[in-house]
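Below are the chains, spelled out letter by letter.
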Amino acid sequence: MEEKNAKKVMLSGIQPSGDLTLGSYLGAIKNWSERAEIFDCYYFMADLHSITVRQNPADLRRRTIEQLAQYIACGLDPEKNTLFIQSHVPAHTQLGWVLNCYTMFGELSRMTQFKDKSAKNAENINGGLFTYPALMAADILLYQPDYVPVGSDQKQHVELCRDVATRFNNIYGDVFKIPEPYIPKVGARVMSLVSPENKMSKSDKDPNGTVYLLDQPDVIMRKFKKAVTDSDTERCVHYDLANKPGVSNLMSIYSACTGKTFEEIEAEFEGQGYGAFKPAVGEAVVETLRPIREESERLLKDKAYLETVYKAGADKASYIANKTLRKVYKKVGFVVK
Ligand code: TRP
């Protein structure tokens, strides 16, 4: 019997293209564990998408597993969320092909991510990079989600997904639910520690600007001690985004880790200067990340457990995805066995 699911469905893909950072944790992932109370959540490691850009095979494999472990360590409970690896569910590629035939060349040509990525990888402008949004539409539509949480860089792809789904539905009847992009409640906006006018990014060229979830405490402390502040002779810990971007960023981080308000932080460090403030922020971050790093390390030693997680995830995802795929195959006129 079909189980009646009253919860709305949410789905998101994560490219296993780099290590997770303090910025992605405080800004987003931290809030994800509570989502499972309200939504039926699917998260997958988008390994099929990753190979549109050349990857080192051993690194891709390692990062896919590391990323799964880190998300679990950040609080995504595999019992409450469906966590899986995209290439384990063949329906993604299968529906991806069908949707390629319902996505227009002109639409794909307008995608800003394609234009950016092909400018950056002029020696490898492959077909997959171009048709990537059709695969992403398949990723989404297979699960009939209500919401797709994405950052602003992916909004255009979700819009295209809606257009393709609407086009398909207009021809064949209501096959796909039209998903809404979901702009998540933002946590702290964390900037680079060396150039506080830029967002903290996993692809920052200067490794001192970014704190990784798996950084050891001494590495974290070193990065915070080196963090850029300003030339204020008073060395005053005061929130002023325009004139003191470095200090303001450190205050946001400290606030997100300790729950203290900016006023409380200003009072705490009054008259003490940056020399006391910077290591205090470092220590707060070390304590915030400690349980995540320890749990990630523990999980990564337990390969058998991670395997049970991604296998169960793929089974659950396949069951849902294959139902949609079968419907689509019938609609377009394939002989369904
Ligand atoms: N394209 C997304 C990114 O680069 C990852 C992704 C793949 C995705 N498939 C998805 C996100 C489906 C949301 C839904 O970040």
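Predicted model only: the values in this text are computed from it and were never measured.

Along the protein, the regular secondary structure elements total 14 helices and 5 strands. In summary, the protein has a C-alpha radius of gyration of 22 Å against a globular reference of 20 Å for 337 residues, a match within 12%. Judged by the C-alpha coordinates and their principal axes, the protein covers about 75 × 40 × 40 Å. Across the 337 residues in the protein, those meeting the buried criterion constitute 49%. Within the protein, residue pairs in contact and separated by at least 24 positions form 75% of the contacts whose partners lie at least 6 positions apart. For the protein, the exposed area adds up to about 16600 Å²; of that, 53% sits on carbon and sulfur atoms. If you average the places of the 44 positive and of the 43 negative side-chain charges in the protein, the two averages end up 7 Å apart.

Although it is not a glycine, Gln144 adopts a positive phi angle of roughly 45°. Looking at the secondary structure, you find Gln144 in the loop between helix H8 (127-141) and strand E4 (147-149). Backbone geometry places Arg235, a non-glycine residue, at a positive phi of 50°. Tracing the backbone shows Arg235 in the loop between helix H10 (217-225) and helix H11 (245-258).

So, on to the site of the ligand. Around the ligand lies a shell of 14 residues, among which Gln15, Tyr132, Met136, Asp139 and Gln154 are the nearest. The contact in question runs from a nitrogen atom of the ligand to an N or O atom on the side chain of Asp139, over 2.7 Å. Gln154 has a polar side-chain atom sitting 3.0 Å from a nitrogen atom of the ligand. Taken by itself the ligand offers 370 Å² of open surface, and the protein chains cover 90% of this. Where the shell around the ligand is concerned, the elements lending two or more residues are strand E1 (8-14) and H8. A per-element tally of the shell around the ligand places H8 first, with 4 residues. Its residues assigned to classes, the shell around the ligand shows 8 nonpolar, 5 polar and 1 charged.

Let's shift gears to the packing of aromatic side chains. Throughout the structure, instances matching the rule amount to 19 aromatic pairs. Where Phe269 meets Phe277, the ring centres are 4.9 Å apart and the plane angle is 65°; that geometry is what we call edge-to-face. On the basis of relative accessibility, which here comes to 5%, the residue Phe269 falls in the buried class. Taken together, Tyr42, Phe44, Phe84 and Tyr143 form an aromatic cluster joined through their ring pairs.

What follows covers the pairing of strand E3 (residues 82-85). Side chains of E3 alternate between two faces, with Thr82 and Phe84 and Leu83 and Ile85 buried alike. In this structure, strand E2 (residues 39-45) lies alongside E3, joined through 4 bridges in parallel fashion. Bridged to Phe44 within E3 is Phe84.

A few words on the pattern of salt bridges. Counted by the stated rule, this structure contains 15 salt bridges. One salt bridge connects Asp59 with Arg62, and the closest N-O pair in it is separated by 3.5 Å. Separated by 3 residues within a single helix, Asp59 and Arg62 lie in helix H4 (residues 57-73), roughly one turn from each other. Under the relative-accessibility criterion, Asp59 is labelled partly exposed at 29%. Within this structure, Asp59, Arg62 and Glu66 form a network of salt bridges that share partners.

Here we come to helix H9 (residues 155-172). Each α-helix winds once per 3.6 residues, and so residues spaced three or four apart point in a common direction. The first and last C-alpha atoms of H9 sit 26 Å apart over 18 residues, in line with the 26 Å expected at 1.5 Å per residue. Listed as buried for H9 are His157, Val158, Leu160, Cys161, Val164, Ala165, Phe168 and Asn169. Gly173 sits one or two residues past H9 and shows a positive phi near 95°.

Cut-off values and rules
Residues numbered from 1 in each chain as written. Predicted model: local features only at pLDDT ≥ 70, side-chain atom pairs only at ≥ 80, totals over all residues. Heavy atoms only, no water. Helix = DSSP H or I, 4+ residues; strand = E, 2+ residues; numbered from the N terminus. Rg over C-alpha atoms; globule rule 2.2 N^0.38 Å. Buried < 20%, exposed > 50% of the residue type's maximum accessible area, 1.4 Å probe, protein only. Contact = heavy atoms within 4.5 Å. Areas by Shrake-Rupley, 256 points an atom, 1.4 Å probe, with all protein chains shown as cover. Lys, Arg positive; Asp, Glu negative; His and termini not counted. Charge placed at Lys NZ, Arg CZ, Asp CG, Glu CD. Near = heavy atom within 4 Å. Polar contact = N/O pair within 3.5 Å; in protein donor to acceptor, adjacent residues only side chain to side chain. Nonpolar A, V, L, I, M, F, W, Y, C, P; charged D, E, K, R; others polar. Phe/Tyr/Trp six-rings, centres within 6.5 Å; stacked < 30°, edge-to-face > 60°. Pairing = 2+ DSSP bridges. Salt bridge = Lys/Arg side-chain N within 4 Å of Asp/Glu carboxyl O. Expected span 1.5 Å × (residues − 1).

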